[in-house]
Amino acid sequence: ASLGSADLEQAQAEGNAGVIQNTEAGTVPHTVTITNNGTQNVKVNQGQLLESPDSQDLVVAENVTITPGTNSTVKAYCTEPSQKAAPGSSLIANQTANTLVLTIIQASAPSDAASARQAQLKIWNLKTGGEVDPYTGEAAALVQTSKSSYYQLQQDLSTARDNLSSQFNLNNETLKNMQNLVDT
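Before going into details, it helps to say that this report is about the structure given with it.

Reading guide: rules and limits
Residues numbered from 1 in each chain as written. Predicted model: local features only at pLDDT ≥ 70, side-chain atom pairs only at ≥ 80, totals over all residues. Heavy atoms only, no water. Helix = DSSP H or I, 4+ residues; strand = E, 2+ residues; numbered from the N terminus. Buried < 20%, exposed > 50% of the residue type's maximum accessible area, 1.4 Å probe, protein only. Contact = heavy atoms within 4.5 Å. Areas by Shrake-Rupley, 256 points an atom, 1.4 Å probe, with all protein chains shown as cover. Lys, Arg positive; Asp, Glu negative; His and termini not counted. Charge placed at Lys NZ, Arg CZ, Asp CG, Glu CD. Pairing = 2+ DSSP bridges. Axes fitted to C-alpha atoms, helices over the stretch in contact; angles between N-to-C directions. Polar contact = N/O pair within 3.5 Å; in protein donor to acceptor, adjacent residues only side chain to side chain. Core = buried A, V, L, I, M, F, W, Y, C linked by side-chain atoms within 4.5 Å.

From N to C terminus, the protein includes 6 helices and 9 strands. Projected onto its principal axes, the C-alpha positions of the protein cover 55 × 30 × 30 Å. By residue count, 49% of the 184 residues in the protein fall in the buried class. For the protein, long-range pairs separated by at least 24 residues make up 68% of all intrachain contacts whose partners lie at least 6 apart in sequence. Counting only carbon and sulfur atoms, one obtains 44% of the accessible surface of the protein, whose full area is about 8,500 Å². The distance from the centre of the 9 positive side-chain charges to the centre of the 17 negative ones in the protein is 7 Å.

Below you can see the structure in the form of structure tokens.
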């Protein structure tokens, strides 16, 4: 007999799933713990946006199925470079990221530090229209945790912006207008 399944948004709406931020600001990728308290499998899909009033918003980086009565640690990228992660914060599944974000995530290897960092910087560039402030939030925390410099982060962000522009054929004007990570 099949248990059936629910996606994360549905399971949370029914009170059968919880999502908690695990990692500190500056971690790439972040991890969250997703708990399934229901009687059906919970499907967590790449591109699922996770929102929090107390922490930064995230986008899920991998596909995972969580069986009833268990939890799983799931990798996710930050979508708000000006905010900081707050470990222990609850997140709510709300909507799915747009095709560009999903393409970036699918091409990334979240377990590989360099690949994850490139994906993270591309997502930040999309979210900010190519105008990431390296001196605030997650961006500044990334400089601290990677023992890098603001100059290096600015160089890496510029390279990621150029790669993003060529990958999706975006000019600066188009990129500036892309700040919504969901299809409207």
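Our next topic: the pairing of strand E8 (residues 71–78). Here strand E3 (residues 30–36) pairs with E8 via 6 bridges, running antiparallel. Of the residues in E8, the one forming a bridge with Val32 is Val74. Bridging between strand E6 (residues 58–60) and E8 involves 3 bridges; their strand directions are antiparallel. Along E8, the bridge assignment pairs Val59 with Tyr77.

A separate point is the sheet that holds strand E1 (residues 5–7). One open sheet holds the 3 strands; their spatial order is E1-E4-E7, and the pairing between them is mixed. Here the strands that pair on one side only, and so sit at the sheet edges, are E1 and strand E7 (64–66). The sheet shows a mean angle of 30 degrees between the axes of neighbouring strands, taken without regard to direction. For strand E4 (residues 41–44) and E7, the ladder comprises 3 bridges, and the chain directions are antiparallel. Bridge pairing in E7 places Lys43 opposite Thr65.

To continue, consider the side chain of Thr33. Assignment of secondary structure puts Thr33 in strand E3. One polar contact links Thr33 to Asn22, side chain to side chain, over a distance of 3.0 Å. Residue contacts for Thr33: discarding those within four places in its chain leaves Gly18, Val19, Ile20, Asn22, Asn71, Ser72 and Thr73.

Turning next to the pairing of E4. Across 3 bridges, E1 lies against E4 in parallel orientation. Bridged to Ser5 within E4 is Asn41.

All right, on to the nonpolar core then. Within the largest apolar cluster, 28 residues are counted, with the highest numbers of intra-cluster contacts made by Leu8, Val32, Ile34, Val44, Leu50 and Trp124. Not counting the four nearest positions on each side in its chain, Trp124 is found in contact with Cys78, Glu80, Pro81, Val132, Glu138, Ala139, Leu142 and Leu157. Judged by nonpolar contacts, the second largest core, of 19 residues, contains Leu49, Ala61, Leu164 and Val182.

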